[in-house]
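Listed here are the chains, written in short residue letters.
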Amino acid sequence: MTTTELSDYVSNGFERAKHGDALNVYNEITPYFDRGELPTGRHYAFGWIIYYALHQSTAGQWPERRRMLGNYLKLVLTKPHKLHSMILTEAIRLYRDAPDNFSIVRFVKLWDLANLRPGDWRRKQLEGKTVNATVEKLVSAYVNESIDHNLPLSEEFKTVFGRAVKDFADSPRLQRQRARLLVAEGNRRDAAEIYRRILPANRAVYYLWSELAELLPGPSQRRLKAAMLAMALRTAAHEEFRGKIRIAMAETLAAANQYDYALYELDKVKAFYTGKKWHLSPAFVKVRSSIPDGTVAKDPQPVYDRLVAIADNYVMQMLPDIEVSKDYHKEGGESRFGKGKTPAAWRVVDVDGDRYWLTPSRFGIDPNLPIGTMLVTKIADGKIIHAHLLPDQF
């Protein structure tokens, strides 16, 4: 194939790639690229073919995707460029799919953070939902690998991370990563305060509770630690997420000589892990060996029901009480999705004139109370997350 024919072939292949045939096109052109026969002027088109091939690949195709990224980095291209940014998004996706087989840290070093574009720092709207900026996704993946493999942060990354934490101060994911880095540096106190700040608005995120529990020191905080773990167990949606939490809870309970409750948790772990054919961890074995022979397991759920209130209060103390009054009532009605009825809602206003919406029944408040009813609320990220009637209105 002559140089002209190869150039035309790449141009035609680019159109095929856009319409779903990128993997075949990539495999057809790669031999010419490997032999150095692809003209530099066609590197840009081949780069887009690589992007489409990556985008059209599945999680199980990580070896091929890793090779594609390696070939992309060999191309002679102008940077920064949209293509370069799109390739970065695919590298992040590959890391998520195969973290044990691909290093986002090494890739980014070759990709060069100096090539970040303004668009990489912008969040996008997709079908009415906000999509995180590329930088948000990148720094989260980078920190995960750095912590998991004890890798130092590059100076270039520290600069990007510092700006990201400020630009996306409302991102609990980035604040969590900041806390995890502080833990890695030995600064557990400041890390714990970050968890306390982000938890009120993210109480359904189970791993935030369990990670905060790990930071609570010694016997003096044992009850509070158990409360955090009880909340983590309550908010974890699936049993596969609860194994490590149950073991941590069993360790905490056993340390307080509550062996019957500890054994209950370990039995739960063993039953689930056996069913999945998973190995029991050394941590499990260590706790199990501390439980006296003859101990009879007892369900600790009644205890947990009391503990979760302690956990909730601990993080809610970070937020000030804000008094608001009801200034508008919206009756409930048929759901537009055809699934039952929507409850009545109130609009409330604070002393500064800021207005918020809440569902009174969610907080055990009679929705039919009159305009002017006063509430004491906790507000996080612009939403009311706790409310009760002003005491003199009971």
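## Re the sheet that holds strand β7 (residues 355-358)
Phase 1 of the analysis: If you walk across this open sheet you meet the five strands as β7-β6-β3-β8-β9, and the pairing is antiparallel. The open sheet has two edge strands, β7 and β9 (383-389), and neither has a second partner. Each strand axis lies, on average, 45° off the axis of its neighbour in the sheet, ignoring direction.
Phase 2 of the analysis: Both strand β8 (residues 374-380) and β9 contribute to a ladder of six bridges, which runs antiparallel.

## Examining the packing of aromatic side chains
Aromatic ring pairs: the centre-centre distance and the angle between the two ring planes describe each pair.
Phase 1 of the analysis: According to the stated counting rule, one finds 16 aromatic pairs in the structure shown.
Phase 2 of the analysis: Ring geometry for Trp-121 against Phe-168: centres 6.4 Å apart, planes inclined by 10°, an arrangement best described as stacked. Of this pair, Trp-121 sits in the loop between α5 (104-111) and β1 (124-126) while Phe-168 is found in the loop between α7 (155-167) and α8 (172-184), placing the two residues 47 residues apart along the sequence.
Phase 3 of the analysis: The buried category is assigned to Trp-121, whose relative accessible area is 11%.
Phase 4 of the analysis: With relative accessibility at 5%, the residue Phe-168 sits in the buried group.
Phase 5 of the analysis: With a centroid separation of 5.9 Å and 85° between ring planes, the pair formed by Tyr-328 and Trp-357 is classed as edge-to-face. Remark: Trp-357 occurs in strand β7 and Tyr-328 occurs in strand β3 (residues 322-330); sequence separation between them is 29 residues.
Phase 6 of the analysis: Given a relative accessible area of 40%, Tyr-328 falls into the partly exposed group.
Phase 7 of the analysis: An aromatic cluster is built from Phe-14, Tyr-44, Trp-48, Tyr-51 and Tyr-52, whose rings are joined through pairwise contacts.
Phase 8 of the analysis: Positioned above the aromatic ring of Trp-121, the side-chain terminus of Arg-163 is 3.7 Å from the ring centre.
Phase 9 of the analysis: Geometry around Tyr-314 places Arg-196 over its ring, the cationic atom sitting 3.9 Å from the centre.

Definitions and cut-offs
Residues numbered from 1 in each chain as written. Predicted model: local features only at pLDDT ≥ 70, side-chain atom pairs only at ≥ 80, totals over all residues. Heavy atoms only, no water. Pairing = 2+ DSSP bridges. Helix = DSSP H or I, 4+ residues; strand = E, 2+ residues; numbered from the N terminus. Axes fitted to C-alpha atoms, helices over the stretch in contact; angles between N-to-C directions. Phe/Tyr/Trp six-rings, centres within 6.5 Å; stacked < 30°, edge-to-face > 60°. Buried < 20%, exposed > 50% of the residue type's maximum accessible area, 1.4 Å probe, protein only. Lys NZ or Arg CZ within 6 Å of the ring centre and 35° of its normal.

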